[in-house]
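# Working through the structure, step by step
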Amino acid sequence: MILRKDSVAETEGVSGYPAPYDLGRGNLHYRYLTDAGGLTQFGAVLEVLHPGGQSSQMHWESDEDEFLYMLSGALTVVENGEETVIGPGDACCWPAGVEVAHMLRNHTDRDATYLIVGARHPGNVCNYPGLDLRGTPDGYTHLDGTPYPREGDKT
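Worth saying up front: this structure is predicted, and the values here are computed from it rather than measured.

### Notes on the pairing of strand 5 (residues 66–72)
Bridge count between strand 5 and strand 8 (residues 91–94): four bridges; the pairing is antiparallel. For Glu66, the partnering residue across the bridge sits in strand 8 and is Trp94. Of the strand pairs in this sheet, strand 5 and strand 10 (residues 112–119) are connected by six bridges, and their pairing is antiparallel. Paired with Phe67 across the two strands is Val117, which belongs to strand 10.

Listed below in structure tokens is the structure:
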């Protein structure tokens, strides 16, 4: 299957983190390439991080490798508190189970575009060091395992 440029709809990013960790909406736009192509064993997403935006909370994955390839613009990659600026042609690799918490910031006044690829491991847990937050296959929980309310849940 061929996916022509711009044939995959762009989706506005919505943080999805529970309060108080929510990052809002509009920092990112996505094109879910592998979903559009019907692939299920890994995910590849074309992401655009807008000026001043942050990609996620600092995190590391228990069972999923993550790969980023920078296409245009510049980003600040934060890994365990250390900041590194990357640009077109640079790549990042975050192996599963390695406790290197990371996130991206667009410190510039221009969009930054990159390809992010990851496994789709059904048992993956996303860890957020320093936060009372864990992402599990069943949703977000506090570190003690208590679930956060999901959007639409009645309190």
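That was the structure; now back to the text.
### Regarding the environment of Val98
As for its placement among the helices and strands, Val98 is situated in the loop between strand 8 and strand 9 (102–105). Taking C-alpha positions, Val98 is 25 Å from Leu71, a pair spaced 27 residues apart along the chain.

### Description of the layout of surface pockets
By volume, the largest pocket is sized at about 980 Å³. In this structure, the largest pocket is lined by 40 residues; those nearest its centre are Tyr30, Glu47, His59, Glu61 and Glu66. Within the residue set of the lining of the largest pocket, elements represented by two or more residues are strand 1 (11–14), strand 2 (25–32), helix 1 (33–36), strand 3 (42–49), strand 9 and strand 10. No other element matches the six residues that strand 2 contributes to the lining of the largest pocket. A class-by-class count of the residues in the lining of the largest pocket yields 18 nonpolar, 15 polar and seven charged.

### Quick notes on the side chain of Thr113
As for its position among the elements, Thr113 is in strand 10. By relative accessible area, Thr113 is classed as buried at 16%. Ignoring any residue separated from it by four or fewer positions in sequence, one finds Thr113 in contact with Leu46, Glu47, Val48, Met70, Leu71 and Ser72.

### Looking at the packing of aromatic side chains
Evaluated as defined, the whole model comprises four aromatic pairs. With a centroid separation of 5.4 Å and an interplanar angle of 25 degrees, the aromatic rings of Tyr30 and Tyr32 are classed as stacked.

### With respect to the sheet that holds strand 3
Within the open sheet, the six strands sit side by side as 1-2-3-10-5-8. Their pairing is antiparallel. The strands lining the two open edges of the sheet, one partner per strand, are strand 1 and strand 8. Across this sheet, the average inter-strand angle for adjacent strands is 30 degrees, counted without regard to direction. Here strand 2 pairs with strand 3 via five bridges, running antiparallel. Opposite Tyr30, over in strand 3, you have Glu47 as the bridge partner.

### Observations concerning the pattern of salt bridges
Side chains that carry opposite charge are capable of pairing whenever their charged atoms lie near each other. This model, assessed by the stated rule, comprises five salt bridges. Residues Glu10 and Arg31 are paired through a salt bridge, measuring 3.7 Å at the closest nitrogen-oxygen approach. One end of the pair, Glu10, is in the segment before strand 1; the other, Arg31, is in strand 2, with 21 residues separating them in the sequence. When its relative accessible area of 42% is taken as the criterion, Glu10 is described as partly exposed. Here Glu83 and Arg105 are joined by a salt bridge, their closest N and O atoms 3.0 Å apart. Remark: Arg105 occurs in strand 9 and Glu83 occurs in strand 7 (residues 82–86); sequence separation between them is 22 residues. Arg105 gets classed as partly exposed once you look at its relative accessible area, which sits at 32%. Salt bridges sharing partners connect three or more residues here, namely Asp6, Glu10 and Arg31.

What counts, and where the lines are drawn
Residues numbered from 1 in each chain as written. Predicted model: local features only at pLDDT ≥ 70, side-chain atom pairs only at ≥ 80, totals over all residues. Heavy atoms only, no water. Pairing = 2+ DSSP bridges. Helix = DSSP H or I, 4+ residues; strand = E, 2+ residues; numbered from the N terminus. 1 Å grid on protein atoms, 1.4 Å probe; cavity = no way out; pocket = protein on both sides within 12 Å on 5 of 7 lines; lining within 4 Å. Points joined across faces, edges and corners; volume = space filled by probe spheres on them. Nonpolar A, V, L, I, M, F, W, Y, C, P; charged D, E, K, R; others polar. Buried < 20%, exposed > 50% of the residue type's maximum accessible area, 1.4 Å probe, protein only. Contact = heavy atoms within 4.5 Å. Phe/Tyr/Trp six-rings, centres within 6.5 Å; stacked < 30°, edge-to-face > 60°. Axes fitted to C-alpha atoms, helices over the stretch in contact; angles between N-to-C directions. Salt bridge = Lys/Arg side-chain N within 4 Å of Asp/Glu carboxyl O.

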